[in-house]
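Read off the chains here:
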Amino acid sequence: MSRIFYTKPSITEVEMRYAADAVETGWGAKCYDYIHRFERMFREHLGVEYAIATSSCTGAMHMGLAALDIGSGDEVILADTNWVATVAPVMHLGAAPVFVDILPDTWCLDPVQVEKHITPRTKAIIATHIYGNLCDMDALLAIGEKHGIAVIEDAAEALGSAINGKRAGSMGRFGTFSFHGTKTVTTGEGGMFVTSDPDLYERVLTFSNHGRARGQTKQFWPDVIGFKYKMSNVQAAIGCGQMERIEELTARKREILQAYKTKLSGISGIELNPEHPGTVNGAWMPTVVFSEGWGITSEDLQKAFHDADIDARVFFHPLSSLPMFEDKRDEGNAYNVNAWGIPQRAINLPSYHDMTDEDIDRVAATLLDLVAVRGRQSRSAAAR
Ligand SMILES: *Cc1c(COP(=O)(O)O)cnc(C)c1O
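Residues numbered from 1 in each chain as written. Predicted model: local features only at pLDDT ≥ 70, side-chain atom pairs only at ≥ 80, totals over all residues. Heavy atoms only, no water.

Some details on the environment of L93
Here comes step 1: Position of L93 among the secondary structure elements: in the loop between α4 (84-92) and β3 (96-100).
Here comes step 2: Sequence separation between L93 and D74 is 19 residues; the distance between their C-alpha atoms is 9.5 Å.
Here comes step 3: Look past the residues within four positions of L93 in its chain and what remains in contact with it is H62, L65, A66, I70, G71 and S72. (Helix = DSSP H or I, 4+ residues; strand = E, 2+ residues; numbered from the N terminus. Contact = heavy atoms within 4.5 Å.)

Re the packing of aromatic side chains
Here comes step 1: Under the counting rule described, the total for this entry stands at 17 aromatic pairs.
Here comes step 2: Where F38 meets F42, the ring centres are 6.3 Å apart and the plane angle is 65°; that geometry is what we call edge-to-face. In this pair, F38 and F42 are both assigned in helix α2 (residues 33-46), four residues apart and thus about one turn of the helix distant.
Here comes step 3: On the accessibility criterion, F38 (0% relative accessible area) is buried.
Here comes step 4: Note on Y50 and Y201: the rings are 4.3 Å apart at their centroids and 15° apart in plane angle, and the pair reads as stacked. Of this pair, Y50 sits in strand β1 (residues 50-54) while Y201 sits in helix α7 (residues 198-208), and the two are 151 residues apart along the sequence.
Here comes step 5: One aromatic cluster is present, formed by W83, W107, Y131, W284, F315 and F316 through successive ring pairs.
Here comes step 6: When the ring centre of Y18 is taken as origin, the NZ or CZ atom of R37, which lies over that ring, is 4.7 Å away. (Phe/Tyr/Trp six-rings, centres within 6.5 Å; stacked < 30°, edge-to-face > 60°. Buried < 20%, exposed > 50% of the residue type's maximum accessible area, 1.4 Å probe, protein only. Lys NZ or Arg CZ within 6 Å of the ring centre and 35° of its normal.)

Some words on the pairing of strand β4 (residues 122-128)
Look at any regular strand and the pattern is simple: side chains alternate between the two faces of the sheet.
Here comes step 1: Counting buried positions over the seven residues of β4 gives six, a clear majority of the element.
Here comes step 2: The sheet contact formed by strand β2 (residues 75-79) and β4 spans four bridges and is parallel. The residue of β4 that forms the bridge with I77 is I125.
Here comes step 3: Bridge analysis of β4 against strand β5 (residues 150-154) gives five bridges, and the strand direction is parallel. Along β5, the bridge assignment pairs A124 with A150.
Here comes step 4: Between the parallel pair β4 and β5, the chain is carried across by helix α6 (residues 137-147), and the sense of this crossover is right-handed. (Pairing = 2+ DSSP bridges. Right-handed = clockwise from strand over helix to strand, strands pointing away.)

Describing the site of the ligand
Here comes step 1: Every one of the 13 residues lining the ligand counts as a neighbour, but T58, D154, E157, S178 and K183 are closest to it.
Here comes step 2: The contact in question runs from an oxygen atom of the ligand to an N or O atom on the side chain of S178, over 2.7 Å.
Here comes step 3: Calculation on the ligand without its partners gives an accessible area of 380 Å², and the protein chains cover 91% of this total.
Here comes step 4: Among the elements of the structure, α3 (57-67) and α4 are those that each provide at least two residues to the shell around the ligand.
Here comes step 5: Considering only residue class, the shell around the ligand consists of four nonpolar, six polar and three charged. (Near = heavy atom within 4 Å. Polar contact = N/O pair within 3.5 Å; in protein donor to acceptor, adjacent residues only side chain to side chain. Areas by Shrake-Rupley, 256 points an atom, 1.4 Å probe, with all protein chains shown as cover. Nonpolar A, V, L, I, M, F, W, Y, C, P; charged D, E, K, R; others polar.)

Observations concerning the pattern of salt bridges
Here comes step 1: Considering all chains together, one arrives at 18 salt bridges under this definition.
Here comes step 2: One salt bridge in this structure joins R203 and D69, with 3.4 Å as the shortest N-O distance. Taken together, the residues R203 in helix α7 and D69 in the loop between α3 and β2 connect sequence positions 134 residues apart.
Here comes step 3: Of the charged contacts in the structure, one is a salt bridge between E75 and R121, with a shortest N-O distance of 3.6 Å. One end of the pair, E75, is in strand β2; the other, R121, is in the loop between α5 (111-116) and β4, and 46 residues separate them in sequence.
Here comes step 4: Take E75: its relative accessible area is 12%, and that puts it in the buried class.
Here comes step 5: In this structure R121 comes out as partly exposed when scored by relative accessible area, which is 48%.
Here comes step 6: One continuous salt-bridge network, built from bridges that share partners, spans R3, D309 and D311. (Salt bridge = Lys/Arg side-chain N within 4 Å of Asp/Glu carboxyl O.)

Nothing here speaks to function; it is all geometry.
Structure representation (structure tokens):
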């Protein structure tokens, strides 16, 4: 029996062919060809006007927030449940993050909590579609509209996810994506900034080119201090190959989530990534959350997976639990109960493209075995 990894890219002949071609011919006058093609394919897939390929999602977020003039004295609301990459640019810009709780079913921003935390200094709301699950964008966009605050989508985990036909990342003021090696589409490292706002696009385009505006005719003449978060043509070539396979890549993710749901359907009191009416879940990372009643902890789950030689990736720690955000935890025990509670009884499940049905079976069996042991233990405890 071999180790089951939690993610692994799916690289085929087409990605290799494009990458080799970029290495061989993609220089000089052709040094942007794959980049522009990748941006076009991505934009068309998403249904947005503009896309800028970047070196990472973090870089895309940094430039987008900077283009909205977010900085010192401003507050940015985001879910306490997040990867640190979402908040890092907020910190780099000198703004203050405000961590709010998540909903118990989607593990995404609770709109009621968002509205409660709006102050005159709130400049933006970052909606992260965690594990492919969707934020309640209707509610968040309505709040943004009402208070004149930008709603931004961190859609790094949400390729393939959509609400009423609108793809994740296309609904906010801007959206960001990641092509890190663990993501549904990968270029090794990489990201994308998307928007349909022409002014915002121009600002980020200028930022992304060392601050040189598109119309600037003077050579080596930056108009503002910009950033350097560009994607290389070779990476974009891999991205073009991946985008040709986007339907296949996202369909397989969904298939794996569905297989887990079917195999685990006999266990009561667990939740996997939901798919509410009108939504499609891109299922980047199938995740199981046990109800408190089970008494099964993250440590129990990690141990069971470790013993079965399966990667056990823990649910995101609440950002407010990290040492640098200690000062944010000011509300005692009632502070962000879902963001703090859910990770203690949850685990991410492996979901790479090429995993076999036997692999999925083995992961499910590990959970079924753990549950069977727990059931026996609690019955014998009750009999004692
Ligand atoms: C992966 C990820 C990021 C960071 O992406 P990079 O490309 O590594 O910068 C940001 N936000 C979320 C939600 C992610 O999952």
